[in-house]
Amino acid sequence: VLRARQGVGNIVARPLRVLTAEGTDVPADGESLGELAVSGNDVMLGYYRDADATEAVTLDGCLLTGDLAVMHPDGYVEIRDRRKDIIVSGGENIASVEVERVLDRHPGVVESAVVGVPHEFWGEVPVAFVAVRPGVRLSAEDLVAFAREHLSGYKVPKTVHFTELPKTSTGKIQKHRLRELARSGD
């Protein structure tokens, strides 16, 4: 848990901030979610000849990173998810990382990724893609039951796909490809 925290400034950077949509700092309570904002001499001034794009990613003199985070009382920041990966289901925000952490705790799971897919009533619902440990037999029902023990019902994946997760050359999971797979129903 402590390794997940960031935020030690350096000689050219100002301290990290976590901002609300209005540009105010979130309370340092380790729970209030906002967007990570950075500023200092090592942060870009803006996009080259694109004032509109620059305005879209800056707030109160800071660059908005697209990372959703909380500020802890000790001044450290913990990144919880990417703004684009938040799933909005029935008006409730679901952090895909929270669901993934639960699924990854199952002894039969190597790794997982959770994405939101459109739903006619809820807006979006969470769908999980899971890589299973070799030699382990795991059903979608088993994994959903495990998730229900640790998550609120609306956060539990509605569908589970067992597959190898697509990754970039640097090992980052390609969630955009998983969203395409989930939407196509494959």
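The preceding data block contains the structure.
Residues numbered from 1 in each chain as written. Predicted model: local features only at pLDDT ≥ 70, side-chain atom pairs only at ≥ 80, totals over all residues. Heavy atoms only, no water.

1. Concerning the overall build of the protein chain
So the rule is basically this: Helical segments are the DSSP runs of H or I of at least four residues, strand segments are the runs of E of at least two, and each set is numbered from the N terminus. Buried residues are those whose accessible area, probed at 1.4 Å on protein chains only, stays under 20% of the maximum for their type, while exposed residues exceed 50% and partly exposed ones sit between those limits. Residue-level accessible areas treat just the shown protein chains as cover; the underlying method is Shrake-Rupley with a 1.4 Å probe.
For the protein chain, the helix and strand inventory stands at 4 helices and 11 strands. Considering only C-alpha atoms, the protein chain reaches an extent of 50 × 35 × 35 Å along its principal axes. In the protein chain, buried positions account for 40% of the 186 residues. Accessible surface for the protein chain amounts to roughly 11100 Å². Of this, 51% is attributable to carbon and sulfur atoms.

2. A short note on the pairing of strand 3 (residues 34-38)
Just so we agree on the cut-off: In this analysis, strands are considered paired if DSSP registers two or more bridges between them.
Among the 5 residues in strand 3, 5 count as buried, and that is most of the element. Relative to strand 3, strand 2 (residues 17-19) runs antiparallel, the two sharing 3 bridges. By the bridge assignment for strand 3, R17 is matched with A37. Here 4 bridges tie strand 3 to strand 5 (residues 62-71), and the two strands are oriented antiparallel to one another. Within the sheet, the bridge partner assigned to V38 lies in strand 5 and is L63.

3. Some thoughts on the packing of aromatic side chains
The criterion, for reference: Pairing of aromatic side chains here covers Phe, Tyr and the six-membered ring of Trp, requires ring centres within 6.5 Å, and sorts the geometry by plane angle: under 30 degrees stacked, over 60 edge-to-face, intermediate tilted.
Counted according to the given criterion, the structure contains 1 aromatic pair. Ring geometry for F121 and W122: centres 4.7 Å apart, planes at 85°, overall edge-to-face. Exposure remark for W122: the relative accessible area of 43% places this residue in the partly exposed category.

4. A few points about the sheet that holds strand 11 (residues 159-162)
Here is the rule: Note on method: axes are straight lines fitted to C-alpha atoms, helices fitted across the in-contact stretch only, with angles between N-to-C directions ranging 0 to 180 degrees. Residues count as neighbours in contact if any of their non-hydrogen atoms are within 4.5 Å of one another.
Spatially, 9-10-11 is the arrangement adopted by the 3 strands of the open sheet, whose pairing is mixed. Lying at the two open borders of the sheet, with one neighbouring strand each, are strand 9 (109-119) and strand 11. Here the strands of the sheet are splayed against their neighbours by 25° on average, with no regard to which way each runs. Pairing analysis gives 4 bridges linking strand 10 (residues 123-132) to strand 11, with the strands arranged parallel. Bridging across to strand 11, F129 finds its partner in H161. The strands touched by helix 2 (residues 96-104) are strand 9 and strand 10; relative to strand 9, the strand with the most contacts, the crossing angle is about 145°. Where helix 4 (residues 175-184) meets the sheet, its contacts fall on strand 9 and strand 10, and the angle it forms with strand 9 comes to roughly 60°.

5. A closer look at helix 3 (residues 140-150)
What counts is decided by this rule: Of all possible arcs, the one meant is that of the directions from the helix axis to the C-beta atoms.
When we look at burial in helix 3, the residues that qualify are L143, V144, F146 and A147. Buried residues in helix 3, looked at end-on, bunch into an arc of 160°, giving them a common side. Residues of helix 3 that are exposed and point more than 90 degrees away from the buried face comprise E141, R148 and E149. Of the surrounding secondary structure, the elements contacted by the buried residues of helix 3 are helix 2, strand 9, strand 10 and strand 11.

6. Things to note about the nonpolar core
Heads up, the rule is: Only buried Ala, Val, Leu, Ile, Met, Phe, Trp, Tyr and Cys residues count toward a nonpolar core, and they belong to the same one when joined by side-chain atoms within 4.5 Å.
Formed by 17 residues in total, the largest nonpolar core has its most connected members in L103 and L143. Elements represented by at least two residues in this core include exactly helix 2, strand 9, strand 10 and helix 3. Here L143 is in contact with L103, H106, V109, V130, L138, V160 and F162, once residues within four sequence places are set aside. Of all hydrophobic cores here, the second largest spans 9 residues; its members include A113, V125, L165 and L178.

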